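Commentary on secondary and tertiary structure
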Amino acid sequence: MKQFSFLPGILFASTLLAQPAAEKGTDTNPPQQAEKKTEQKPEKAEAKKPTVEERMAALEEEIEKLRHGKSIRVYQGTDGMGPAASQVYQGEEGVSIGGYGEVNYNKFRSNRKTDQLDVLRFILYTGYRFNDWIFMNAELEYEHAGFEEQSVVTDATLSGTTLTTTKRDINQGAVFVEFAYVDFKFAEPFQVKLGLNLVPVGLTNYLHEPTTFYSVNRPLTETNIIPTTWREIGAIINGNLFNDRLTYRTGILNGQRGKNFTETTWMRGSRTKGSKVRAEDFAFVGNIDLRPLEGLLTGVSYYRGNAGQDEIAPVTWQDRVVPPTPGPTGTNSLFTAYGSTLKADTSANVRVHLAEAHYMFERGAFTTRGLFARGWLNDSGVRALNRNTNRNIAKEVEGGYIEAGVNVLHFFNFQKKLVVFVRDEYVNTQRRTVERFAGGKEDLDDLICSTLNCRTTAQLTNTNRALGIIVNTDQTKELYGVRGVPDRTQDRRIYTIGMAFFPHENVTLKVDYEMHSSKSGYHRDIEQLNPSNNKIDQINFGLGFIF
């Protein structure tokens, strides 16, 4: 029946084209009367009849709908978001559906790391257009095929002083609401998004669909420094100015949960993801993007927020104060009197800062992008985190990359894309830590307490940890006279070379090779003793698509 697939369109065309003739042929009035009626109401008759061009345009549109089975979709980013995530802004009123997916294979150049195949992500975008200026947009994410394997303790047996545990691998759900907001587009210069918003920092946090970048894996800088995909609850105000040459975004969001900071991924684990968020502390974010030339985007972002959330105790002199001894002859001193006036405090001021600058340029066959980011914590805040978590969290982190690529098929006038690219990246999640130097502040405090009635470091319950200093358990990794030094394996370099083929603008096949190295020259950081030395290369294959 394929030969009749255009029959409805042909019938529709015949009806439109035959309509004037039918009206003329069925007129029972004499020619003189018909002409007279036409002269009496020429404007009214002319207004009712579509022109030939309008009829032909309607016919072509109907044939296209019949050919595709639906209206033609437009894949174009809106407000800096990816093309699939912007479907709600492209369609008519009502429901819109979009999405993307990634299936990856990672092969490690090591016998001590297991190669992996993974349905990394499958995303469903759902949106609703209420009218011309109110939109709802949401992203539902299924990671690792919707569940993730974890090892849990299922049984424990105590024999004397020996505890024997039994573990079993179980599948745990991995489904998230990536964002969900209502967008009020009052005007191009002023729009408000309320709900679970993407944080406007960096490039990949907004453009994280697999067809918007060429490597299999996202840049590590925008994973461990900027914790993509990063979303929080709050309000984002944004707008476009000067014919879209300037875009701004600013807003207030909930703060991070500082107790989940780590040495290797810094603030990534502190994202609340919109789930039962503690709202004791909040954050500010601001972003400006400029498009000064065709194909060029440049921008900067700044984030500042508090992450204590009233659940982390500060490091104070109270820890050094000796409690008063009961009785009339009990010990007393200036420090004891001071300590007795203090109350337990769980409101450490953990202030998080993150700043970044980025650019993206594409013209003809050539493309390049780059980003530099730096994050830092206040000294008292990071000491409080260290004491609470027993992790050597960085006071300062840093990362950046430069990438360049060329579409080789462009020179052969092919409509498909084959982009060959190279990327140079630097990531250091322990650029600076809280260190204790011989003869420094902590040693001076110990000298004071050795002569007065207060505790020295050795007399504290957790010694250096009580002061927010985390000493490496392997003492040979510490410098002479310095404690709490950064882990050099977290000072990393990643060189990536690869290619991405686009058989369709919404489908990509990728392959790349990542060369990893770290600044650690410690003899125990060889691969056989420490597979986490961040020096293991890998080959990646990826399939990505949007719809």
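Our structure's up above, just so we're on the same page.
Everything in this summary refers to the structure shown in the same document. (Residues numbered from 1 in each chain as written. Predicted model: local features only at pLDDT ≥ 70, side-chain atom pairs only at ≥ 80, totals over all residues. Heavy atoms only, no water.)

**With respect to the environment of threonine 78**
Spelled out, the test is: Only runs of H or I of at least four residues qualify as helices and only runs of E of at least two qualify as strands under DSSP, and these elements are numbered from the N terminus. Note on contacts: a residue pair qualifies if any of its non-hydrogen atoms lie within 4.5 Å across the two residues.
Of note, threonine 78 is situated in the loop between helix H4 (52-68) and helix H5 (87-90). Linking threonine 78 and tyrosine 89, residues 11 residues apart in sequence, is a C-alpha distance of 7.2 Å. Residues within four places of threonine 78 in sequence aside, it is in contact with Ser86, Tyr89, Gln90 and Lys185.

**A short note on the packing of aromatic side chains**
The cut-off we apply is this: Aromatic contacts are taken between Phe, Tyr and Trp rings whose centres are within 6.5 Å, Trp giving its six-membered ring; a plane angle under 30 degrees counts as stacked, one over 60 as edge-to-face, and the others as tilted. Exposure classes here rest on a 1.4 Å probe applied to the protein chains alone. A residue is buried below 20% of its type maximum, exposed above 50%, and partly exposed in between. In this analysis the charged atom, NZ for Lys or CZ for Arg, is taken to sit over a ring once it is within 6 Å of the ring centre and within 35 degrees of the ring normal.
On inspection of all chains with the given rule, the structure shows 16 aromatic pairs. Seen from their ring centres, phenylalanine 184 and phenylalanine 186 are 6.1 Å apart, and the 10° between their planes marks the pair as stacked. On the basis of relative accessible area, phenylalanine 184 is assigned to the partly exposed category, the value being 22%. In textbook terms, an aromatic cluster arises when at least three aromatic residues are bridged by ring pairs, as seen for Tyr100, Tyr125, Phe179 and Tyr181. The lysine or arginine in question, arginine 423, covers the ring of tyrosine 401, its NZ or CZ lying 5.9 Å from the ring centre.

**What about the state of the cysteines?**
Applied cut-off: Cysteine sulfur atoms are paired as a disulfide whenever they fall within 2.5 Å.
Taken as a whole and judged by the stated rule, the model has 1 disulfide. One disulfide bridge connects cysteine 449 with cysteine 454, the sulfur atoms lying 2.1 Å from each other. Measuring the twist about the S-S bond at about -110°, one finds the cysteine 449-cysteine 454 disulfide to be left-handed. Neither cysteine 449 nor cysteine 454 differs from the other in exposure class; each is buried.

**Side note on the nonpolar core**
Rule in force here: In this description, a nonpolar core means a group of buried Ala, Val, Leu, Ile, Met, Phe, Trp, Tyr and Cys residues linked to one another through side-chain atoms lying within 4.5 Å.
In this structure, Phe261, Trp266 and Leu377 are the most contacted members of the largest nonpolar core, which totals 41 residues. Going through the elements one at a time, strand S8 (282-290), strand S9 (296-306), strand S10 (351-363), strand S11 (366-377), helix H8 (379-389) and strand S12 (396-407) are the ones with two or more residues in this core. Setting aside its immediate chain neighbours within four residues, phenylalanine 261 contacts Trp266, Met267, Ser270, Ala307, Val352, Leu377, Leu385, Arg391 and Ile393. Among the nonpolar cores identified, the runner-up in size contains 14 residues, and Ile123, Phe135, Tyr181 and Leu198 belong to it.

**So, a nonpolar patch on the surface**
Rules: The patch calculation keeps residues exceeding 30% relative accessible area without a salt bridge and links them within 9 Å when they carry like charges or within 5 Å when they are nonpolar (Val, Leu, Ile, Met, Phe, Trp, Tyr). Working definition of accessibility: Shrake-Rupley area with a 1.4 Å probe, residue cover restricted to the visible protein chains. A pair is scored as a salt bridge if a Lys or Arg side-chain nitrogen falls within 4 Å of a carboxyl oxygen belonging to Asp or Glu.
Taken together, Val103, Val119, Phe501, Leu509 and Leu543 make up a surface patch of nonpolar side chains, about 350 Å² in accessible area. Among the secondary structure elements, leucine 543 is positioned in strand S18 (residues 538-546). Residue leucine 543 is classed as partly exposed on the basis of its relative accessible area, which comes to 34%.

**Notes on the pattern of salt bridges**
As enumerated under the stated definition, the model contains 31 salt bridges in all. Residue glutamate 311 pairs with arginine 257 through a salt bridge whose shortest N-O separation is 2.8 Å. Of this pair, glutamate 311 sits in the loop between S9 and helix H7 (334-340) while arginine 257 sits in the loop between strand S7 (246-254) and S8; the two residues are 54 residues apart in sequence, bridging distant segments of the chain. On the accessibility criterion, arginine 257 (27% relative accessible area) is partly exposed. Between arginine 374 and glutamate 396 there is a salt bridge whose closest N-O contact spans 3.8 Å. Placement of the pair is arginine 374 in strand S11 and glutamate 396 in strand S12, with a sequence separation of 22 residues. Relative accessible area serves as the criterion here: at 30%, arginine 374 is assigned to the partly exposed category. Overall, the relative accessible area of 11% leaves glutamate 396 in the buried class. Members of the salt-bridge network, linked through shared partners, are Arg374, Glu396, Glu398, Arg431 and Arg432.

**Details of the environment of asparagine 240**
Quick reminder of the rule: N or O atoms within 3.5 Å of each other form a polar contact, as long as, within protein, one can give a hydrogen and the other can take it, and as long as residues adjacent in sequence are counted only when both atoms are side-chain atoms.
Secondary-structure assignment places asparagine 240 in strand S6 (residues 231-241). You can call asparagine 240 buried: its relative accessible area is 13%. Separated by 52 residues in sequence, asparagine 240 and glutamate 188 place their C-alpha atoms 5.5 Å apart. Apart from the residues lying within four places of it in its own chain, the contact partners of asparagine 240 are Asp79, Glu188, Pro189, Gln191, Leu246 and Thr247. Among the polar contacts listed, one links the side chain of asparagine 240 to the side chain of threonine 247, at a separation of 2.9 Å.

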